Amino acid sequence: MNNITGKTWLFGDDINTDLIYPQICYTLPEREKPLHAMEANRPGWASMVKNGDILVAGRNFGTGSSRPAADNLRKLGISCILAETVNGLFLRNAVNTGIPALAVHGIRDVLKEGDIITVDFRNSIVRYGDKTLSFKPLPSFLMDIIENGGIINVLKAKGLLGEPL
Amino acid sequence: MNIIEKILFNHSVEPVKTISPGDIATVNVDRAIIVDMAALHPEFVDNPPLKPFDPDKISLVFDHYVPAPSIEIANRVNRLRKLVSRWGIRDFYDTGRGGISHVLGGELGWFRPGSLVANTDSHTVATGAFNTLGRGLGTPELMNIIATGKTWFIVGETVKVKFSNRMRKGSSAKDVFFNLASITGDIPGKNVEFAGSGIKSMGMDERSSISTMCAELSAEFAVFPFDGILKEYMENAGVSRYKAVEPDNDAAYADEVEIDMASVEPMVAMPDRIINNIKPVSELGRVNIDVAVVGSCANGRLSDIRDVAEVLRGKKIDRNVRLTVTPASRKIYEEANRLGYINTIVEANGLVTNPTCGACLGGHMGVVADDDTVISSTTRNFRGRMGSSKAHIYLGSARTVAISALNGYIKGDLNE
Ligand code: SF4
């Protein structure tokens, strides 16, 4: 995977799925869903996100339900999620919708919001200013799913999906 | 290997020598459960898997929206019903038949000791009470499992939690969990394995309550050992073919936590989250409530409904409180009815609903309003979880909810 460079948005600890994807999203038209991301904790944020931005958070990012929270972030244009720790279910959902979610120890405390950073996948490091932090890379089969744009694309390509219900 | 590693080992697609933290386990899944929420995922209803890896290992359970609360949802779940004939699924539980998947699956023997279960709902970790590994997964990922019968896990480290002694009357499994949560905090990527002599004093309801709530720690799995109580439960469920799993003598754990259950007192999670947000009720001060809810996969079980009925028998709830009680399954509902619990709650001015997730997810059956203060035995109190994001949601045991409903403010009691 190529490097991702983007402008950062900073969030705190325990950002949960219900903040990222509020209950009402379930029955909204697809294009409206992402605009409700974080409306309870950070009203107005969703409309400020630009394509390619990077979300940086504290501990336990994405804790909560199996709802497609990562989809909301991807559709807003978030290119990558970096957090001190990432909830396991959220990590899977991020990979399966085609965005990397990485645990990067120390990341939350070294950045200011709006800093431009680069996630270098080949070397497994995040570059900020002239400094770096390293991270444990995702297994290569997960990076493959991300590069294919998510698991649905993979299933389609394999001919495993059928007619609408 | 510990229990978790061993179950993954037993399900490994490729033969491996051992399983330890950091490994990636590719595993066969014994059962995949789809709940009605899948109907709200366009990718699922628009392009469902062509055919399942084994229709007898697929369950379809309607639980979150039972009965459908809007035309939109009624239409969407109707599309899901078409799966039953298209795939030839036997295990379909429509409204009125089943209950919340994490409870129903135990009742029906889907959670066989030593087995591995995948479900579209995040509280699938509930299966751990049955010595079963269960993981909640996103709907797209479950589609992959339905099509292939396989999935993967990045194996995490395991925290061993040892229970000793037994709970005092008046405290409950939810309080034991809160105690655990206040010790461990969040543990994303890690597992919990329970041990210790205290387990034998807990029935399947109590164990299930604790394993279910471990979703809130961000745990991957939270598994109980196999013992006589589980054996008897499986016998009564008519299940005899399974391979229970015990830890090896040299099993490795990252950490060990001891909980003396006799020292656990009633506790609550303060609004908005559980992690780093637990308080003993005795230190809470006076918090008046508007709404009291008993229900959910964690604490809408028969023992919870019994606790509520015991507290409310012959009394009326506070005139300012709205109490909703939602049994977690039809079986629980029938039993509670037979034992007179439902009548007792109705006579106390409580509202008893049909089995569903209901108020727990803020979808229907008791959506809460701006500025409502809520005490609930459900699983989560994220802001906005049960309706308005301006509501204040406290979580407690079913008993604490009932005592609070009587008094009009949050109260737990070791003697009541
Ligand atoms: S009761 Fe609540 S936590 Fe349990 S499955 Fe239903 S919505 Fe999820």
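What counts and how
- Residues numbered from 1 in each chain as written.
- Chains lettered and ligands numbered in written order.
- Predicted model: local features only at pLDDT ≥ 70, side-chain atom pairs only at ≥ 80, totals over all residues.
- Heavy atoms only, no water.
- Helix = DSSP H or I, 4+ residues; strand = E, 2+ residues; numbered from the N terminus.
- Rg over C-alpha atoms; globule rule 2.2 N^0.38 Å.
- Buried < 20%, exposed > 50% of the residue type's maximum accessible area, 1.4 Å probe, protein only.
- Lys, Arg positive; Asp, Glu negative; His and termini not counted.
- Charge placed at Lys NZ, Arg CZ, Asp CG, Glu CD.
- Polar contact = N/O pair within 3.5 Å; in protein donor to acceptor, adjacent residues only side chain to side chain.
- Near = heavy atom within 4 Å.
- 1 Å grid on protein atoms, 1.4 Å probe; cavity = no way out; pocket = protein on both sides within 12 Å on 5 of 7 lines; lining within 4 Å.
- Sits in = over half its atoms within 2 Å of the grid points.
- Nonpolar A, V, L, I, M, F, W, Y, C, P; charged D, E, K, R; others polar.
- Domains from an automatic or database assignment.
- Points joined across faces, edges and corners; volume = space filled by probe spheres on them.
- Contact = heavy atoms within 4.5 Å.
- Buried area = accessible area lost by both parts, 1.4 Å probe.
- Salt bridge = Lys/Arg side-chain N within 4 Å of Asp/Glu carboxyl O.
- Core = buried A, V, L, I, M, F, W, Y, C linked by side-chain atoms within 4.5 Å.

A. Representation of the overall build of chain B in the model. From N to C terminus, chain B includes 13 helices and 18 strands. In terms of overall dimensions, chain B is globule-like: its C-alpha atoms have a radius of gyration of 20 Å, near the 22 Å expected for 416 residues. Seen through its principal axes, chain B has C-alpha atoms that stretch 60 × 50 × 40 Å. Counting the 416 residues in chain B, one finds 62% classified as buried. Of the charged side chains in chain B, 46 are positive and 50 negative; the average position of the first set lies 4 Å away from that of the second.

B. Summary view of helix H1 (residues 3-10) of chain B. Every buried residue of H1 of chain B is listed here: Ile-3, Ile-4, Glu-5, Ile-7 and Leu-8 of chain B. Sitting at the amino-terminal end of H1 of chain B is Asn-2 of chain B, which places a side-chain oxygen 3.1 Å from the backbone nitrogen of Ile-4 of chain B.

C. Structural context of the site of the ligand. All names here are of chain B. In the neighbourhood of the ligand, the contacting residues comprise His-64, Ile-100, His-102, Asp-121, His-123, Ser-296, Cys-297, Cys-357, Cys-360, Leu-361, Thr-379 and Arg-385. Of all the cavities here, the one that holds the ligand is the largest cavity. A class-by-class count of the residues in the shell around the ligand yields five nonpolar, five polar and two charged. A domain split of the shell around the ligand shows at least three residues from each of domain 1 (3-260) and domain 2 (269-407).

D. Just the layout of surface pockets, in detail. In this model, the largest pocket occupies a volume close to 720 Å³. In terms of lining residues, the largest pocket is bounded by 25 residues, among which Leu-91 and Lys-136 of chain A together with Ile-154, Pro-188 and Gly-189 of chain B are the most central. Contributions of two or more residues to the lining of the largest pocket are made by helix H3 (88-97) and strand E4 (101-103) of chain A together with strand E7 (150-154) of chain B. When grouped by side-chain class, the residues that make up the lining of the largest pocket number 14 nonpolar, six polar and five charged. Here the second largest pocket defines a volume of roughly 490 Å³. Residue lining of the second largest pocket: 20 residues in total, with Glu-107, Met-204, Asp-205, Tyr-233 and Lys-331 of chain B positioned closest to the centre. Among the elements of the structure, helix H4 (101-107), helix H7 (204-213), helix H8 (228-236) and helix H11 (330-338) of chain B are those that each provide at least two residues to the lining of the second largest pocket. Taken together, the residues of the lining of the second largest pocket break down into eight nonpolar, five polar and seven charged. The residue makeup of the lining of the second largest pocket includes at least three contributed by each of domain 1 (3-260) and domain 2 (269-407) of chain B.

E. Fine view of the interface of chain A and chain B. In this assembly, 43 residues from chain A lie in contact with 53 residues from chain B. Summing both partners gives a buried area of about 3900 Å² for chain A against chain B, and 56% of it is carried by carbon and sulfur. The tally of links from chain A across to chain B stands at three salt bridges. Asp-186 of chain B serves as the salt-bridge partner of Arg-59 of chain A, at 3.1 Å between the closest nitrogen and oxygen. Scanning the region where chain A abuts chain B turns up 20 residue pairs in polar contact (both at pLDDT 80 or more).

F. Molecular detail of the nonpolar core. By size, the foremost hydrophobic cluster in this structure holds 195 residues, and its most contacted members are Trp-45, Leu-82 and Phe-90 of chain A together with Phe-44, Phe-163 and Phe-194 of chain B. Domain assignment of the residues forming this core places at least three in each of domain 1 (3-260) and domain 2 (269-407) of chain B. Ignoring sequence-local partners within four residues, the contact set of Trp-45 of chain A consists of Trp-9, Phe-11, Ala-37, Met-38, Leu-55, Leu-73, Leu-76 and Ile-78 of chain A.

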